[in-house]
Amino acid sequence: MTTPLGKFIRHLPKAELHLHIEGTLEPELLFAIAARNKIPLTYPSITALRDAYQFNDLQDFLDIYYRGASVLLTEEDFYDLALAYFTKAHEENIRHAEIFFDPQTHTVRGVPFETVIAGLHRAQVAAEKEWGITSKLIMCFLRHLDEADALRTLDMALPYKKWIAGIGLDSGEQGNPPSKFQAVYKRAAKEGFFLVAHAGEEGPAEYVTEALDLLNVKRIDHGNHALDDAALVMRLRTQQIPLTVCPLSNLKLRVIADLREHPLRKMIDAGLLITVNSDDPAYFGGYLSENYCAIAEGLDLSHEELRQLAINSFTASFLEEDTKKKHITEINGLSMAN
Ligand code: ADE
Ligand code: ZN
């Protein structure tokens, strides 16, 4: 990130819209938290754990990711986890983050919902006070579990509604279509939550269509396979439905073989509203700026295209319109100076 391209990207004001807080758990922090919680680990060292981060597909990653998250027990653990992310975010000029958390990953182990949300919320407040970074929480349901579990989780969340902006859908996509979660999305919509869902990461274009038609989502997380359906591409373009694309995640999970083949170029050329994001940066080898850098190098993106991606990140956010405008005006100002 010390190259001219790296510096340019680091200095761009950016929003991050696709980030799993459990996916920011670096091996160093994982070991420290495991030690203080007296949880034995199967890996002998931090290096051995990091070396294990080689994945054949999404499920391969999820197995390690859920095991990693199992060291998180106390409010302090969730606070430390989120504060470590915000510290990074500050270093790379991320001004706003919309952050996923997976409550079921924790409640299934007996960790109260309140412990999770209280720690995350306290870190959000601290980050805004210390660095002016704004953030919103998006509660994801694990799609490999049944809808009844998601409905119970929504019930648990309602007392903390003021701290949760939206709901999402994550975990193993194949065989777990959006149609499985229509009732919980309907209830969440009634409660006023913003709606998003992972779709078209490993799953087919039909899952993207289902997420739009049956869940009424306003943003698609990943959406790579949307390109397989020309009518869907037209719809995404006409309605300017944002896709939160995650280049290094796609590479590490073998959704693509090489960044030079990443569909982001085709998506931009098709007139789609594309954002760049890091997904699970502790596992995929790079935070947000590294994702911008990698895709810029892979697809030979110009400074103007990178500025547009940063602008898109605010446009596609759930911020108020005047706040979006303020960030975008700042980027446009930079555009004239550079
Ligand atoms: N949970 C964390 N990262 C994920 C991803 N990339 N896809 C689905 N579920 C996830
Ligand atoms: Zn994700």
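With that settled, consider the sheet that holds strand β7 (residues 243-245). Strand order in the open sheet formed by eight strands is β1-β2-β3-β4-β5-β6-β7-β8, and the pairing between neighbours is parallel. Of all the strands in the sheet, the pair left with one neighbour each is β1 (14-20) and β8 (274-276). The sheet shows a mean angle of 25° between the axes of neighbouring strands, direction not considered. Bridging between β1 and strand β2 (residues 94-101) involves five bridges; their strand directions are parallel. For E16, the partnering residue across the bridge sits in β2 and is A97. Contacts between helix α16 (residues 303-315) and the sheet are confined to β1, β2 and β8, with β1 contributing the most and set at about 65° to the helix.

Our focus in this paragraph is the coordination of the zinc ion (ligand 2). Here the zinc ion (ligand 2) is held by H18 (NE2), H20 (NE2), H198 (NE2) and D279 (OD), and the distances to it run 2.0 to 2.3 Å. For the zinc ion (ligand 2), the four donor atoms in the first shell make angles of 85 to 175° at the metal, a pattern classed as irregular. Among the residues examined, H20 registers a relative accessible area of 3% and is labelled buried.

Lining the immediate environment of ligand 1, one finds H20, L58, F61, L62, Y65, D170, S171, H198, E201, H222, D279 and D280. Measuring from a nitrogen atom of ligand 1, one finds a side-chain N or O atom of D280 at 2.6 Å. Considering ligand 1 on its own, with 260 Å² of exposed area, one finds that the protein chains cover 100% of that surface. When residues in the shell around ligand 1 are grouped by element, the largest group, four residues, is from helix α4 (residues 58-69). Of the residues assigned to the shell around ligand 1, the class counts are four nonpolar, four polar and four charged.

The next subject is the state of the cysteines. This model, assessed by the stated rule, comprises zero disulfides. Left unpaired, C140 is separated from the closest cysteine sulfur, that of C246, by 12 Å. What makes C140 buried here is its relative accessible area of 0%. Of all cysteine sulfurs in the structure, the one in C246 sits closest to C293, which takes part in no disulfide; the separation is 17 Å. On the basis of relative accessible area, C293 is assigned to the buried category, the value being 9%.

Right, let's get into the pattern of salt bridges. As enumerated under the stated definition, the model contains 17 salt bridges in all. R187 is the salt-bridge partner of D155, the closest N and O atoms lying 2.8 Å from each other. In this pair, D155 is assigned in helix α8 (residues 147-157) and R187 in helix α9 (residues 182-190), connecting sequence segments 32 residues apart. What makes R187 partly exposed here is its relative accessible area of 29%. Connected through salt bridges with shared partners, the residues E26, E28 and R50 form a single ionic network.

Here we come to the environment of I220. By secondary structure assignment, the location of I220 is in strand β6 (residues 219-222). With 73 residues separating them along the chain, I220 and C293 place their C-alpha atoms 22 Å apart. Aside from chain neighbours lying at most four places away, what touches I220 is A197, A199, V208, A211, L212, I241, P242, L243 and T244.

What follows is about the environment of I138. Along the chain, I138 turns up in strand β3 (residues 134-142). Along the primary structure I138 and F194 are separated by 56 residues, whereas in three dimensions their C-alpha atoms are 8.3 Å apart. Contact partners of I138, with chain neighbours within four places excluded, come to E98, I99, F100, F101, G166, I167, G168, V196, R219 and F318.

Conventions used here
- Each chain has its residues counted from 1, running along the sequence as written.
- As a convention, the first chain written is A and the first ligand written is 1, with the rest following in written order.
- It should be noted that, the model being predicted, local features are given only for residues of pLDDT at least 70 and side-chain atom pairs only at 80 or more, the latter also being counted only at that level, while totals for whole chains, interfaces and linings use all residues.
- In computing side-chain values, all of the structure's heavy atoms are included and hydrogens and water are not.
- Pairs of strands are assigned from DSSP output, requiring at least two bridges between the strands.
- A helix here means a DSSP run of H or I that spans at least four residues, while a strand means a run of E at least two residues long, and both kinds are numbered starting from the N terminus.
- All axes here are fitted lines through C-alpha atoms, helices being fitted over the stretch that makes contact, and every angle between N-to-C directions spans 0 to 180 degrees.
- In this analysis, two residues are considered to be in contact whenever any of their non-hydrogen atoms come within 4.5 Å of each other.
- For Na, K and Ca the donor cut-off is 3.2 Å, and for all other metals it is 2.8 Å, counting N, O and S atoms only; because water is absent from this set, sites may look incomplete.
- Only two sets of limits are used to name each site, 85 to 135 degrees for every angle of a tetrahedral four-donor site, and over 155 degrees for opposite donors with all other angles from 65 to 115 for a square planar four-donor or octahedral six-donor site, with any other site named irregular.
- The cut-offs for exposure are 20% and 50% of the maximum accessible area for each residue type, with area from a 1.4 Å probe on protein chains only; residues under the lower value are buried, those over the upper are exposed, and the others partly exposed.
- Note on terminology: near, applied to a residue and a molecule or strand, indicates that one of the residue's heavy atoms is within 4 Å of it.
- Polar contact is the term for a pair of N or O atoms within 3.5 Å; when the atoms are in protein, one must be able to donate a hydrogen and the other to accept it, and sequence-neighboring residues count only if both atoms are side-chain atoms.
- Where accessible areas are quoted, they stem from the Shrake-Rupley method and a 1.4 Å probe; at the residue level, only the protein chains shown are allowed to cover.
- Just so you know the grouping, Ala, Val, Leu, Ile, Met, Phe, Trp, Tyr, Cys and Pro go in nonpolar, Asp, Glu, Lys and Arg go in charged, and all remaining residues, Gly too, go in polar.
- The disulfide definition used here is simple: a pair of cysteine sulfur atoms within 2.5 Å.
- Whenever a carboxyl oxygen of Asp or Glu lies within 4 Å of a side-chain nitrogen of Lys or Arg, that contact is scored as a salt bridge.

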